[in-house]
Amino acid sequence: MRQISLNGNDWLMKEFVGLDWVWRNSEKPDTKDIRWWYPATVPGSVLNDLWKSGKIADPHYELNSKLAEWVPERTWVYRKSFPTPTKIEGRKVTLCFDGIDYCSEIYLNGRMIGKQEGMFLPFSNDITDLLDESKENLLAVVIEAAPKEQPQVGRTSLVRTHKTRMNYWWDFCPRMIHQGIWDNVYLKITGQAMIKDIYLNAELAMNYEQATITAEIETSGANIGNLKLEINSKSYLVPSIPPVTRIQAVIDHPRLWQPNGYGKPHQYEITITLFDLSGNVSDEKTLKYGIRNIEFEKNERCNPQASPFVLKVNGRKIYMNGYNWVPMDAMYGVERPEKLKRLIKLAKDAQVVIFRVWGGGLIEKDSFYEVCAENGILVWQEFIQSSSGIDNKPPENTEFMEMLLAQAEIIIKRKRNHTSLAIWCGGNELSDWEGNPVDNSDPLIGRLQEVVKRLDPGRRWLPSSPSGGVFSNSLTNIIEQPDMLWDVHGPWEHQGLHKHCELYNRGTSLLHSEFGVEGMTNRNTLEKSISKEHMLPANKENEIYFHRGSWWINEPLVQEVFGGLSTIEEIRRASQYLQYEGLKYAIECNRRRAFQNSGTFPWQFNEPYPNNYCTSSLDYYANPKPAYYGVKNSYGSILISASFESPTLFDQSELSATIHITTSLTAEEIERIVSLSFCCEVVGSDGTVVRKTLEPISVPENSTSDITKVSVPTIELPTELILLRLKVIDKNGVCLAENEYLFTKRKDLRGVFDLPRPELTFTMEKDAIIIQNNGREAALFLFLTSNEPLPEQDFIYFDKNYFSLMPMEQRTVHITSDSTCIRGKRISLENFVYSKNINL
């Protein structure tokens, strides 16, 4: 089998109103329509092609995306010429599209060969007899105007397409409705016998010493001969028995696929070959497949009616260090392999175990699943259904239901062999007419469940996220029905210095599959997205800010917590601190409750558009905000953390906190790190140590233990600002885990802006920078970030970030890049009252 890619930047595209393209014969080789064709790239997006051709202004800048809202109302014709492949005598040539968004007609040499509707459905057609060997062949794709659909604020019950809804306007994405050939296009050259579908399934023995892999292979066409499966240097040859042939392979002592942080994510290469009756290779497919056993068991101390949410992989109970994933870009058809690699590496570095692929976005491309599997990250994939605010009820329209169910059959078959896929889910925040999370009694959700169970019975099914009992992680629900917070969502905002701690200290959820804290973007992203004269006010009174993340503008809370901030940099840094502190504290509280609580999924990991404010931990250009480092620390295999009533000690007689240690380690792993000590310091911003404890500790196995309580009378605290600093140290003095918390004796945190500018010096090493504080006051929460031109081509990584330095204290930060070379790289270092650009 040969595959010839038709991807590339050698396509042409042109806009039309209605059926004007028919009148002009624009899809035909002999058309006289030769004007105003512009370069295009496939896979890609209409909007991106127009932008790159200079036909629309940069949609990422200020209000420019509004000026492109006419684009989806047009019809677009894409054209490409290609030669007839050589050596095809007696072979079959199939034209394949992996995804066209949304409705299209496909033409070859002026002849229509098919219509396609549905962005998640592949299209294929035998074109062997349509190819012209005397000249180049013309492939034309007519992409119709985008369908009307519900934006975020609308009615789910009126949805009529299975299409990404985010682009119709969402709180983190402006209205940039997508069209385009958004996935691969290629020619597949085979014999007359073809492999139509493969379903792989692995059964592990109870002792994990043997695995049986079953391949169900669907074939079609004529002249069908034998089938061969190759795995682990073994071959299995059997006669093909159409339509479906089963082949079983046994592997002794299999190498298991393990999740991130728990071992190597090994995958076997499996090749399946279909021969014709003469013994010649007719078709062949190669897949990567990981052998692993995934189960879910009941949570501890839970309502007996609750679903099981505790993840077990290969017999090991694993806390779900999760994140919510949204499309990498509003123009999601454009291939961005470097950005995808960057995002998954950052997730791996943060010890993320699972992504929830949100139901307003995409059934993700195969490349996403593959990179996740290679890095030990599981995937929870939702069908593209989402809440709409006015009502969140899955449609009951018969035509829509039948369409979605038919598409689900195809989608499940396309994705079910991915090692990373762990969960299928009906959609995001779907509810009944009374507002309760839907269950499988819903007509559409129940039938979707049946399709999943029939075609992919080994995967977990959830009707929606959240899946009940109650929807919201609210203090009211915690107080009134504490045993009904099973899989819950919210809140998505910092709750304030007192209420935030109270809410998460009192948590009872079994699974927290969506919640967040809002924060501003990074400085270089902000400066690329908005002009200097429009930087202020940084609130909803500014039309540009309102357009770019209005739901997440926390400037009023920032002013309340920090008091009287006037510059954009003060507001931005304060906003980012609140996001960091709020998200970190919430995750720590949830994780300490493992395995009553079985997983935490912050909203959200990434963003598809450069918002000024957003709940994302990374900015649009894939650079972490401080919040990312808070989550990364919270997901460590050893977590040292504190719980307390509030970071403000105003009117309090003492600083009081309970110190906890949490691990994901087994008893055997703990034995290898003997002689651990715990260090706790209460220190003033001038470096005065008020209280210090250094004592041996025992580390719990895959759970949490309380270490000690810290209590210091407020009157003994020497400065307005106080740090509680925690470390776990091994016998060689190596720090295995650390954490720090900022307290204030005032009602607010204004004091961070009253500190003097830090006196910092830098020493460069080959792959590191040493930062020393030579001043008399603390340098609070120093943040390193890339200062390279955007978008970056060679991403930078910091092993530690967003930390404080006390007077005369230093820290070594190791720096790497995708190219492994950091010489000449530009970074910036900032805190509340400091900013400096540094050339490495």
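In case you missed it, the structure is sitting above this.
Definitions and cut-offs
Residues numbered from 1 in each chain as written. Predicted model: local features only at pLDDT ≥ 70, side-chain atom pairs only at ≥ 80, totals over all residues. Heavy atoms only, no water. Phe/Tyr/Trp six-rings, centres within 6.5 Å; stacked < 30°, edge-to-face > 60°. Helix = DSSP H or I, 4+ residues; strand = E, 2+ residues; numbered from the N terminus. Buried < 20%, exposed > 50% of the residue type's maximum accessible area, 1.4 Å probe, protein only. Pairing = 2+ DSSP bridges. Axes fitted to C-alpha atoms, helices over the stretch in contact; angles between N-to-C directions. Contact = heavy atoms within 4.5 Å.

### Describing the packing of aromatic side chains
Stage number 1. Enumeration according to the criterion identifies 41 aromatic pairs in this entry.
Stage number 2. Centroid distance Trp21 to Tyr107: 5.9 Å. Interplanar angle 70°. Geometry classified as edge-to-face. Here the residue Trp21 occupies a position in helix H1 (residues 20-23), and Tyr107 occupies one in strand S7 (residues 103-108), the gap between them amounting to 86 residues.
Stage number 3. Here Trp21 falls in the buried class, since its relative accessible area comes to 4%.
Stage number 4. Classification of Tyr107 as buried rests on a relative accessible area of 8%.

### Section: the sheet that holds strand S44 (residues 779-786)
Strand pairing within a sheet occurs via backbone hydrogen bonds; the two strands may be parallel or antiparallel.
Stage number 1. As summarised here, the arrangement of the four strands in space is S46-S44-S48-S49, forming an open sheet in which the pairing is antiparallel. Of all the strands in the sheet, the pair left with one neighbour each is strand S46 (803-805) and strand S49 (834-839). The sheet shows a mean angle of 30° between the axes of neighbouring strands, taken without regard to direction.
Stage number 2. Judged from the six bridges that link them, strand S48 (residues 826-831) and S49 form a sheet pairing that is antiparallel.

### Details of the pairing of strand S2 (residues 8-16)
Stage number 1. Relative to strand S3 (residues 38-42), S2 is paired through four bridges, and the arrangement is antiparallel. For Trp11, the partnering residue across the bridge sits in S3 and is Ala40.
Stage number 2. Where S2 and strand S4 (residues 75-82) come together, five bridges link them in antiparallel fashion. Directly across from Glu15, in S4, lies its bridge partner Trp76.

### Considerations on the sheet that holds strand S30 (residues 487-489)
Stage number 1. The sheet built from eight strands is open, its strands ordered S29-S28-S26-S25-S24-S33-S31-S30 with parallel pairing. Looking along the sheet, the strands with just one partner apiece sit at the ends: strand S29 (460-462) and S30. In this sheet, adjacent strand axes meet at a mean angle of 20° when their direction is disregarded.
Stage number 2. Pairing analysis gives three bridges linking strand S28 (residues 421-425) to S29, with the strands arranged parallel. Considered in S29, the bridge of Cys425 is made with Leu462.
Stage number 3. Along the sheet face, helix H4 (residues 366-374) touches strand S24 (320-325), strand S25 (354-357), strand S26 (378-382) and S28 and points at about 150° away from the line of S26.
Stage number 4. Against the sheet, helix H12 (residues 568-592) engages strand S31 (511-515) and strand S33 (599-602), with an angle of about 165° to S31.

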